[in-house]
Amino acid sequence: MSYNVIYAGTFDPITNGHLDIIRKASMLFGKVIVAVAKNPSKQPLFELEERVELVKKSCAELDNIEVIGFSGLLADFAKEQNAKVLIRGIRGADDIDYEIQLAQLNQKLSGDLETIFFPPSVEWRYLSSTMVREIYRHNGDVSQFVPQAVKNALKFAK
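Bear in mind that the values here come from a model prediction, so they are computed numbers and not experimental data. (Residues numbered from 1 in each chain as written. Predicted model: local features only at pLDDT ≥ 70, side-chain atom pairs only at ≥ 80, totals over all residues. Heavy atoms only, no water.)

1. A few points about the overall build of the protein
Scanning the protein from terminus to terminus reveals six helices and five strands. Scanning the protein from its N terminus toward the C terminus, one meets helices and strands in the order β-α-β-α-β-α-β-α-β-α-α. A compact globule built from 158 residues would reach a C-alpha radius of gyration of about 15 Å, and the protein, at 15 Å, matches this within 12%. Overall size of the protein, expressed as C-alpha extent along the three principal axes, is 45 × 30 × 30 Å. Across the 158 residues that make up the protein, the buried fraction comes to 49%. (Helix = DSSP H or I, 4+ residues; strand = E, 2+ residues; numbered from the N terminus. Rg over C-alpha atoms; globule rule 2.2 N^0.38 Å. Buried < 20%, exposed > 50% of the residue type's maximum accessible area, 1.4 Å probe, protein only.)

Next up, the structure:
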């Protein structure tokens, strides 16, 4: 029996750093589900449906990627998708404690869900969606940090 692998996040917006992790995962696993989370505690720049479409467009050249929007607990979504592995990106020491806590919590909730951590390539280590949103909100140029689909969408964002 084969299991799916999930790379989950809010992807608001998807960045070149996210794409770096997605590409790495797609080279190692037969199928990767990119799970776009609806997080009611955040004020997103893009609605869930828009984020799903932006991720799909950004990953179009990768044939083993499926993009799905979801809400609720990631552990529950993983069970629904027959996933046994979560992929998480870790930029540095600041991320490690938080990501380990999430991994342990997801394992406790599901019983058999493992997390694999990927560091981004050096050129994207500092990059986050939060930083991209801040640059954008202050009328800065984010074009070097995001895929073309996001560049196009930001022209029409709030």
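Structure's up, so let's keep going.
2. Re the packing of aromatic side chains
Where two aromatic rings form a pair, the distance of their centres and the angle of their planes describe that pair. Applying the stated rule across the entire model yields three aromatic pairs. On the numbers, 5.4 Å between centres and 70° between planes, the contact of Y7 with F11 is edge-to-face. Assigned by exposure class, Y7 and F11 land together as buried. (Phe/Tyr/Trp six-rings, centres within 6.5 Å; stacked < 30°, edge-to-face > 60°.)

3. Some points on the nonpolar core
Ranked by size, the top nonpolar core spans 36 residues in total, and within it I22, V55, I65, I87 and L154 carry the most contacts. If you look at the next biggest cluster of nonpolar residues, it comprises 13 residues, including A8, A37, F70 and A78. (Core = buried A, V, L, I, M, F, W, Y, C linked by side-chain atoms within 4.5 Å.)

4. Some words on unusual backbone geometry
At the junction of D12 and P13, the peptide bond is cis and its omega measures out at 0° in the coordinates. Within the secondary structure layout, P13 lies in the loop between β1 (4-9) and α1 (16-28). With phi around 55°, N82 is a residue other than glycine that occupies positive phi space. Assignment of secondary structure puts N82 in the loop between α3 (74-80) and β4 (83-89). Judged by its relative accessible area of 31%, N82 falls in the partly exposed class. Phi at N139 takes a positive value of approximately 60°, unusual for a residue other than glycine. Within the fold, N139 resides in the loop between α5 (129-137) and α6 (148-154). Look at N139 and you get exposed, because its relative accessible area is 73%.

5. A word on the environment of K31
Of note, K31 is situated in the loop between α1 and β2 (32-38). Look at K31 and you get partly exposed, because its relative accessible area is 33%. Each C-alpha atom, one on K31 and one on L74, is 18 Å from the other, the two residues being 43 residues apart in sequence. Beyond its immediate chain neighbours, meaning those up to four positions away, K31 contacts N4, V5, N64 and E66. (Contact = heavy atoms within 4.5 Å.)

6. Thoughts on the pairing of β4
Burial analysis of β4 places five of its seven residues in the buried class, which makes it a mostly covered element. Both β1 and β4 contribute to a ladder of four bridges, which runs parallel. Across the sheet, I6 pairs through a bridge with L86, a residue of β4. The sheet contact formed by β4 and strand β5 (residues 114-118) spans five bridges and is parallel. Residue R88 lies in a different strand from β5, and its bridge partner there is F117. Handedness of the crossover joining β4 and β5 through helix α4 (residues 93-110): right-handed. (Pairing = 2+ DSSP bridges. Right-handed = clockwise from strand over helix to strand, strands pointing away.)

7. So, the sheet that holds β1
Spatially, five strands are ordered β3-β2-β1-β4-β5 in an open sheet, and the strand pairing comes out parallel. Strand pairing shows two members of the sheet lacking a second neighbour, β3 (65-71) and β5, which therefore form its edges. Between one strand axis and the next, the sheet turns by 30° as a mean value, whatever way the strands run. Running over the sheet, helix α2 (residues 48-58) touches β2 and β3 and is turned about 155° from β2. (Axes fitted to C-alpha atoms, helices over the stretch in contact; angles between N-to-C directions.)

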